Amino acid sequence: MDVATDLGKTLRAREKRRRKEQEFVDKQAEELQAAGVTSIINSYGTEDIDDIDRLWWRVLNKMVDEYLIK
């Protein structure tokens, strides 16, 4: 029973950590997207969703490419 109890505690702790990490990731992604979109609107003076979307995806692709190169 102790092994099962310890395993249960470990699994619950792991799930709690994953939930907390996912909440952090979700919040960071939301903040990053908001900042990026705001920057695009301020820099290009556009609110055209297609322009914003195209530029935002280019920014994200560059960030990922730079990360992968390092």
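Up top you'll find the structure we're talking about.
Residues numbered from 1 in each chain as written. Predicted model: local features only at pLDDT ≥ 70, side-chain atom pairs only at ≥ 80, totals over all residues. Heavy atoms only, no water.

Caption draft 1: Region of the structure containing the overall build of the chain. Each helix and strand counted, the chain has two helices and zero strands in total. Over its C-alpha atoms the chain spans a radius of gyration of 20 Å, topping by over 25% the 11 Å that the globule rule assigns to 70 residues. Overall size of the chain, expressed as C-alpha extent along the three principal axes, is 65 × 30 × 15 Å. By residue count, 10% of the 70 residues in the chain fall in the buried class. (Helix = DSSP H or I, 4+ residues; strand = E, 2+ residues; numbered from the N terminus. Rg over C-alpha atoms; globule rule 2.2 N^0.38 Å. Buried < 20%, exposed > 50% of the residue type's maximum accessible area, 1.4 Å probe, protein only.)

Caption draft 2: Expanded view of a negative patch on the surface. On the surface, Glu23, Asp26, Glu30 and Glu31 cluster together into a patch of negative charge. Along the chain, Glu23 falls in helix α1 (residues 2-44). According to the relative accessible area criterion, Glu23 is exposed, its value standing at 55%. (Patch = residues over 30% accessible without salt bridge, like charges linked within 9 Å, V, L, I, M, F, W, Y side chains within 5 Å. Areas by Shrake-Rupley, 256 points an atom, 1.4 Å probe, with all protein chains shown as cover. Salt bridge = Lys/Arg side-chain N within 4 Å of Asp/Glu carboxyl O. Lys, Arg positive; Asp, Glu negative; His and termini not counted. Charge placed at Lys NZ, Arg CZ, Asp CG, Glu CD.)

Caption draft 3: The arrangement of the pattern of salt bridges in detail. This structure, assessed with the given rule, holds four salt bridges. In this structure, Glu21 engages Arg17 in a salt bridge whose closest nitrogen and oxygen atoms are separated by 3.3 Å. Of the two residues, Glu21 and Arg17 both sit in helix α1, four residues apart, roughly one turn of that helix. Take Glu21: its relative accessible area is 42%, and that puts it in the partly exposed class. Residue classification places Arg17 among the partly exposed residues on the basis of a relative accessible area of 42%. The residue Arg54 makes a salt bridge to Asp51 at a minimum N-O spacing of 3.5 Å. Highlighted residues: Arg54 and Asp51, both in helix α2 (residues 49-69), separated by three residues, approximately one helical turn.

Caption draft 4: Structural context of α1. When the terminal C-alpha atoms of α1 are compared, their 62 Å separation across 43 residues agrees well with the 63 Å that a helix rising 1.5 Å per residue should span. All of the buried residues along α1 are Gly8, Gly36 and Ile40. Packed against the buried residues of α1 are α2. (Expected span 1.5 Å × (residues − 1). Contact = heavy atoms within 4.5 Å.)

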